[in-house]
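For reference, the chains in residue letters:
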There are 2 protein chains.
Amino acid sequence: MKYPFSGRMYSAPESFLGRLFAVSNNPEIISFAGGLPDSSLLDVEGIKDASSYVMEEEGREALQYTTTTGYLPLREYIAERYNKRLGIPASADDIRIVNGSQQCLDLTAKIFLDSGDAVGIENPGYLGAIEAFSMYQPVFKCVDMDDNGVLSDVFKTLFEKEKPKFFYGIPNFQNPSGRSYSDERRKEIAEIIRETDGIFYEDDAFGELSFDNKPRMPVKKYAPENTIMSGSFSKIIAPGMRIGWIYAPKEVISQFDCAKQAADLHSNFLCQKIMHRYLTSVDLDSHIRKITAAYSKKCRLMCSLCDEHLPESIVRTDPKGGMFMLLTLPKKINSLKLFEEGLKRKVAVLPGIPFYANGGGEDTVRLNFSSSTEDEIISGMKRLKDTVASFRL
Amino acid sequence: MKYPFSGRMYSAPESFLGRLFAVSNNPEIISFAGGLPDSSLLDVEGIKDASSYVMEEEGREALQYTTTTGYLPLREYIAERYNKRLGIPASADDIRIVNGSQQCLDLTAKIFLDSGDAVGIENPGYLGAIEAFSMYQPVFKCVDMDDNGVLSDVFKTLFEKEKPKFFYGIPNFQNPSGRSYSDERRKEIAEIIRETDGIFYEDDAFGELSFDNKPRMPVKKYAPENTIMSGSFSKIIAPGMRIGWIYAPKEVISQFDCAKQAADLHSNFLCQKIMHRYLTSVDLDSHIRKITAAYSKKCRLMCSLCDEHLPESIVRTDPKGGMFMLLTLPKKINSLKLFEEGLKRKVAVLPGIPFYANGGGEDTVRLNFSSSTEDEIISGMKRLKDTVASFRL
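A quick note: this is a predicted structure, and the numbers were derived from the prediction, not measured.

Novice: I keep staring at the relation of the copies chain A and chain B and nothing clicks. Help me out?
Specialist: Think of it as a corkscrew move, a rotation about one axis and a shift along it, taking one chain copy to the other. Note on the identical chains: chain A maps onto chain B by a rotation of 180° and an axial translation of 0.0 Å, with an RMSD of 0.0 Å. Read as a symmetry element, the transformation amounts to a two-fold axis. Interface overlap between copies is the fraction of interface residues in one copy that are interface residues in the other; for chain A against chain B it reaches 100%, indicating a shared surface.

Novice: How do you make sense of the confidence of the model for chain A when you look at a structure like this?
Specialist: Do not read the predicted coordinates in detail wherever pLDDT is low. Model confidence for chain A is summarised by a mean pLDDT of 96, while 97% of its residues fall at 70 or above. Note on the complex model: pTM 0.97, ipTM 0.96.

Novice: Hey, could you run me through the nonpolar core in this one?
Specialist: Within the largest apolar cluster, 214 residues are counted, with the highest numbers of intra-cluster contacts made by F133 of chain A together with F133 of chain B. Apart from the residues within four sequence positions on either side, F133 of chain A is in contact with L105, A109, L113, V119, P138, F140, F166 and Y168 of chain A.

Novice: How do you make sense of the interface of chain A and chain B when you look at a structure like this?
Specialist: When the parts come together, some accessible area is lost, and that loss is often what is quoted as the size of the interface. Counting residues at the interface gives 77 residues for chain A, matched by 78 residues for chain B. Both sides of the chain A and chain B interface together cover about 7000 Å² of buried area, and 59% of this is carbon and sulfur. Measuring nitrogen to oxygen at the nearest pair gives 2.6 Å for the salt bridge that ties K110 of chain B to D106 of chain A. Scanning the region where chain A abuts chain B turns up 51 residue pairs in polar contact (both at pLDDT 80 or more). Those elements giving two or more residues to the side of chain A that touches chain B turn out to be α1 (8-11), α2 (17-24), α3 (44-62), α5 (100-112), α6 (127-134), α10 (250-264) and α11 (269-281) of chain A. Partitioned by chemical class, the residues of the side of chain A that touches chain B number 39 nonpolar, 23 polar and 15 charged.

Novice: Can you walk me through the side chain of T196 of chain A in this structure?
Specialist: Residues and elements named next belong to chain A. Structurally, T196 can be placed in helix α8 (residues 183-196). What makes T196 buried here is its relative accessible area of 12%. Within polar-contact distance, the side chain of T196 engages the backbone oxygen of I192 at 2.8 Å. Among residues more than four places away in sequence, those in contact with T196 are F159, E160 and K163.

Novice: How should I be thinking about the sheet that holds strand β10 (residues 315-316) of chain B in this particular structure?
Specialist: To summarise the sheet geometry, strands pair through backbone hydrogen bonds and adopt either a parallel or an antiparallel arrangement. All names here are of chain B. The sheet built from four strands is open, its strands ordered β10-β11-β14-β13 with antiparallel pairing. The open sheet has two edge strands, β10 and β13 (350-351), and neither has a second partner. The strands touched by helix α12 (residues 284-309) are β10, β11 (324-328) and β14 (364-368); relative to β11, the strand with the most contacts, the crossing angle is about 15°.

Novice: Please explain the pattern of salt bridges as it appears in this structure.
Specialist: If charged atoms from side chains of opposite charge come close, those side chains can pair. Taken as a whole and assessed by the stated rule, the structure comprises 54 salt bridges over all chains. Put simply, R81 of chain B and D285 of chain B hold a salt bridge, and the shortest N to O gap is 2.9 Å. Here the residue R81 of chain B occupies a position in helix α4 (residues 72-86), and D285 of chain B occupies one in helix α12, the gap between them amounting to 204 residues. D147 of chain B serves as the salt-bridge partner of R179 of chain B, at 3.0 Å between the closest nitrogen and oxygen. Remark: D147 of chain B occurs in the loop between β4 (139-146) and β5 (149-150) and R179 of chain B occurs in the loop between β6 (167-169) and α8 (183-196); sequence separation between them is 32 residues. Judged by relative accessible area, R179 of chain B falls into the buried class, the value being 18%. A relative accessible area of 57% means that D147 of chain B is categorised as exposed. Via salt bridges that share partners, R81, R85, E208 and D285 of chain A belong to a single interconnected network.

Novice: Even after reading the chapter, I still don't get the domain arrangement of chain A, so can you show me in this structure?
Specialist: Residue and element names in this part refer to chain A. In terms of domain boundaries, chain A breaks down into domain 1 (8-43 + 286-389) and domain 2 (62-281). Taken over C-alpha atoms, the centre of domain 1 sits 24 Å from the centre of domain 2. Listed by partner, the interface residues are 37 residues for domain 1 and 35 residues for domain 2. Together domain 1 and domain 2 conceal approximately 3100 Å² of surface at their shared face, both sides included; 65% is due to carbon and sulfur atoms. Of all residues in domain 1, R8, I288 and F355 give up the largest surface area on contact with domain 2, accounting jointly for 18% of the area buried on that side. Put simply, domain 1 and domain 2 have zero salt bridges between them.

Novice: Sorry, what's going on with helix α13 (residues 335-344) of chain A here?
Specialist: An α-helix turns once per 3.6 residues; consequently, residues spaced three or four apart project the same way. For α13 of chain A, the set of buried residues is S335, L338, F339, E341 and G342 of chain A. N-capping of α13 of chain A is provided by N334 of chain A, with a side-chain oxygen placed 2.8 Å from the backbone N of L336 of chain A.

Novice: Explain helix α14 (residues 374-389) of chain B to me, please; I cannot follow it from the model alone.
Specialist: Residues and elements named next belong to chain B. Taking 1.5 Å as the rise per residue, α14 with 16 residues should run 22 Å; its terminal C-alpha atoms sit 22 Å apart, in good agreement. Among all positions in α14, only I377, G380, M381, L384, T387 and V388 are buried. Projected down its long axis, α14 shows its buried positions confined to an angular sector of 115°, all on one face. Residues D375 and A389 are exposed on α14 and point more than 90 degrees away from its buried face. The inward-facing, buried residues of α14 contact β1 (30-31), α12, β11, α13 (335-344), β12 (347-348) and β14.

Novice: In this structure, what is going on with the sheet that holds strand β5 (residues 149-150) of chain A? I would like to understand it.
Specialist: Residue and element names in this part refer to chain A. Pairing in this open sheet of eight strands is mixed, and the strands run β2-β9-β8-β7-β6-β3-β4-β5 from one edge to the other. Looking at strand neighbours, the two that pair on one side only are β2 (95-98) and β5, the edges of this open sheet. In terms of strand pairing, strand β7 (residues 200-203) meets strand β8 (residues 227-232) through four bridges, oriented parallel. Note on β8: the bridge partner recorded for D203 is S230. The strands touched by α10 within the sheet are β2, β8 and β9 (244-247), with β2 carrying the most contacts at an inclination of about 25°.

Novice: Before we go on, may I ask you to explain the pairing of strand β3 (residues 118-123) of chain A in this structure?
Specialist: Both faces of the sheet carry side chains from a regular strand, because those side chains alternate between them. Residues and elements named next belong to chain A. Of all six residues making up β3, six are buried, and the element is well covered by its neighbours. As judged from the six bridges shared by β3 and strand β4 (residues 139-146), these two strands associate in the parallel manner. Paired with N123 across the bridge in β4 is D144. Crossover β3 to β4 through α6 is right-handed. As paired strands, β3 and strand β6 (residues 167-169) are joined by two bridges and run parallel to one another. Bridge assignment links G120 to a residue of β6, and that residue is F167.

Rules behind the numbers
- Residues numbered from 1 in each chain as written.
- Chains lettered and ligands numbered in written order.
- Predicted model: local features only at pLDDT ≥ 70, side-chain atom pairs only at ≥ 80, totals over all residues.
- Heavy atoms only, no water.
- Least-squares fit on C-alpha atoms with pLDDT ≥ 70 in both.
- Contact = heavy atoms within 4.5 Å.
- pLDDT = per-residue confidence, 0-100.
- Core = buried A, V, L, I, M, F, W, Y, C linked by side-chain atoms within 4.5 Å.
- Buried < 20%, exposed > 50% of the residue type's maximum accessible area, 1.4 Å probe, protein only.
- Buried area = accessible area lost by both parts, 1.4 Å probe.
- Salt bridge = Lys/Arg side-chain N within 4 Å of Asp/Glu carboxyl O.
- Polar contact = N/O pair within 3.5 Å; in protein donor to acceptor, adjacent residues only side chain to side chain.
- Helix = DSSP H or I, 4+ residues; strand = E, 2+ residues; numbered from the N terminus.
- Nonpolar A, V, L, I, M, F, W, Y, C, P; charged D, E, K, R; others polar.
- Pairing = 2+ DSSP bridges.
- Axes fitted to C-alpha atoms, helices over the stretch in contact; angles between N-to-C directions.
- Domains from an automatic or database assignment.
- Expected span 1.5 Å × (residues − 1).
- Arc of directions from axis to C-beta.
- Right-handed = clockwise from strand over helix to strand, strands pointing away.

Here it is, written out as structure tokens:
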């Protein structure tokens, strides 16, 4: 039997995420290839208490169908946190709950992209976004980055000449590079999209993971009507609950509701209630400071070991938050080959290839520093040193 | 600011589900328009115990990311239940977890439908399927039903002449009609798809809700390679947990995994674990018998009140399970007008219109009997009687 699959299935990039999970299941391998938060920092006790409360007090409601928009008190909490942290006048009406911010990628692509449409993305850009968008068969327009963010002159030309439906970026602690946009760059981006009636899709999955715990102003603040923002509790509370959100202009929210309803009616209500109970029972800022202190320490450790163990021809980024850094390799080292050689020495790095929507990445690898222990980082970086040495530069 | 939405957003049918929730929020209205399971039959205590167990014993794992495929023990449970109930040799490899079977509609459409492709559906057919499929801009090919299921001669001509990518149907206690396919009709459908290399998408959301608690053989049993089946715990356990599944041939599962990963990485892991713990701690058959006994009683009550209160020119279906029945109205009564007049008398029925993918349904309304109490059914049917009387037939 031959199954008549749709054209989009043939245009989808081969997925790396599944292979990553396979690697991460081998306990002998120290993996810097994944993207998991540190399990030991999950507040299991706090979430257990919240879960007991919800099942005891609101179980019958939490187990029934609910509205597509998401649990109102949870949306109000998210809006209020935007107000307090960033001084943004968000309201619950502007916010919808989704199954982790990955679903936001899918649904936003769905409501904007027709086959052949241009969509902008950072180069390198988040592979989950490339996978989600690819399903709608767009033409990717990649814009390179420097240490201050996406290159604004190229970004401007893109919006003036090619009119992408939207541009997707991660201004805070980008995946895969760990870079952040400078405030000046954010303002430039905001001005360009305002002037060209463009749309910036601002993925802020990592914004709360700032090592200095200081908020950075989102592009959304400078160009509210031109920015679709997404956020997630996956990195700061619990990815297994799959709760993220979109924060967008009303016209976008209205279309988003149609797409969300057609996609799965609504997100898990039980976990929305547990999340809300948890958020309103704990000191979230203190919990986040615990995470960022741990990640900051691991990041500094990994950076110093890069500097110590790796040749100068390998250049690293310098993350100020988040979970990732990017290595740029000399010509003699191919990232896929480094991946394969690393596995032989029981260390996994992630070749940059899936992050380049239009090809590339043979000269970059992504390293994750959040999910390994400090001991694992020390051992893993030694293994990486040996792996690199085997290339005889 | 004008937002450049995709073409599919303009081809999407106006949604009814959102309006239904609005109606269901007015406590003065007795609503037969919704599709909720009876909240009083939710096993809140049992799920609370399962939830406490998971948070206590496996909390740290349940709160972390997991695989796209879904929780293996849960998939094994589902496969084993197919083996035991229906004698189908399902294995966990053939099963994937989704966010309620609504997500199965979206992802199956995504992997099969290109814009302009033909897709078959019952007439009337499930509105959630019409909404989900519409996002991929197919051409709907509707096939009428009689009391034994979809008309097999029309079904056959459709597959011979128009080659739809797949045909979507609900053989057990169909939504909206409450009708079921006879065993003979299932075998005919199976033979047609086998002979034409066609695909039948067999939505079995209601199969366990059989009033006689006897299983009916799915089309999947007669044509396994040509059938994609979906199931759900929403009607028998808890819709708020959003756990459904697809059961499909391996080639389909492989594409489905790509689509699921791009859509939201994986379904809520915490609730997958709670669901599995619940299923393996309770007597599920006994719980289901409790539900079917209650629904059967409510259904018989509503049927007898239809026969007593409504004129002979209004014809009802005769459900043997599920949650719905369909009324066919005489020409003088328009279903939308009946809806509006009903609201004035504080009873809500659902006009058939959104269930007809290519138009129609002005002469049908769907009634739900699962979510109202017997007293509400008695009062609501009196209100419906008065509403119908106002049309002066």
